[in-house]
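Understanding the architecture of this molecule
The chain contents come next:
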Amino acid sequence: MTAGPLHAFLARSGRDGAGRPLDAVVAFDDAHIEGVHDFIQWCFPLPEASRAVPGAPVLTAAEAEAIRADPAARAGLLAALDRMTRFYAGTDGWLRACDHNHLRISRIIAATRDLVGQEAAAAFHAFVLDRNRDAGSPINRDSLRYWDRALAGA
């Protein structure tokens, strides 16, 4: 039994607001990852409303607890994390001073930390920092601070 639509989506027994199962989202090519903006809130839910996508789901305490307790839901989130890691490894458009992906990265770090654990969040955080460094550190300091705060849970 799932606690709600976010849990069902991540556990691969439900669909997102556009009717897509998690596996369809994880199968997006890089152009879809870049151009579609209504999936990230489903893959990496947070307890606050998205300002970028009005009407996106908000993670309740009950759903967060259900996701943490369900190996299938955690595996679904990790599958999404793997896809986003491959996206950020294989594309460079986000490696600039300002980009919408910086907000996505903050969300990914915070949701991963909260729902899967600090270790997975820290690994992703280190990965994006390494990509930034290797690209000559183009990302603005504010975004880097947001990523640090997301990892710290602040």
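**Topic: the packing of helix α6 (residues 71-90) against helix α7 (residues 100-115)**
Packed helices, taken two at a time, are described by their axes: the angle between them and the distance between them. Across the interface, α6 lies against α7 with an axial gap of 11 Å and an inter-helix angle of 150°. Relative to α7, the element α6 lies roughly antiparallel. Once α6 is placed against α7, the crossing between them reads as left-handed. Here Arg74, Leu77, Leu81, Met84, Phe87 and Tyr88 of α6 lie close against α7, whose contacting residues are Asn101, Arg104, Ile105, Ile108, Ala111, Thr112 and Leu115.

**Regarding the nonpolar core**
One finds Phe39, Phe44, Met84, Tyr88 and Phe124 to be the most contacted residues of the largest nonpolar core, which totals 43 residues. Among the elements of the structure, α1 (5-10), α2 (22-26), α4 (40-43), α5 (61-69), α6, α7, α8 (118-134) and α9 (141-152) are those that each provide at least two residues to this core. Non-local contacts of Tyr88, meaning those with residues more than four positions away in its chain, are made with Trp94, Asn101, Arg104, Ile105, Ile108, Phe124, Phe127 and Arg131.

**What to know about α8**
For α8, with 17 residues, the first-to-last C-alpha span of 24 Å sits near the 24 Å given by 1.5 Å per residue. Looking only at α8, the buried set comprises Ala121, Phe124, His125, Phe127, Val128, Arg131 and Asn132. The buried residues of α8 occupy an angular sector of 155° when projected down its axis, which confines them to one face. Structural note: α8 exposes Glu119 and Asp134 on the side pointing more than 90 degrees away from its buried face. Buried residues along α8 sit against α6, α7 and α9. Positive backbone phi, at 90°, marks Gly136, one or two positions downstream of α8.

Scoring rules and cut-offs
Residues numbered from 1 in each chain as written. Predicted model: local features only at pLDDT ≥ 70, side-chain atom pairs only at ≥ 80, totals over all residues. Heavy atoms only, no water. Axes fitted to C-alpha atoms, helices over the stretch in contact; angles between N-to-C directions. Helix = DSSP H or I, 4+ residues; strand = E, 2+ residues; numbered from the N terminus. Parallel < 35°, antiparallel > 145°, perpendicular 65-115°, else oblique. Left-handed = near helix turned anticlockwise from the far one by under 90°. Contact = heavy atoms within 4.5 Å. Core = buried A, V, L, I, M, F, W, Y, C linked by side-chain atoms within 4.5 Å. Buried < 20%, exposed > 50% of the residue type's maximum accessible area, 1.4 Å probe, protein only. Expected span 1.5 Å × (residues − 1). Arc of directions from axis to C-beta.

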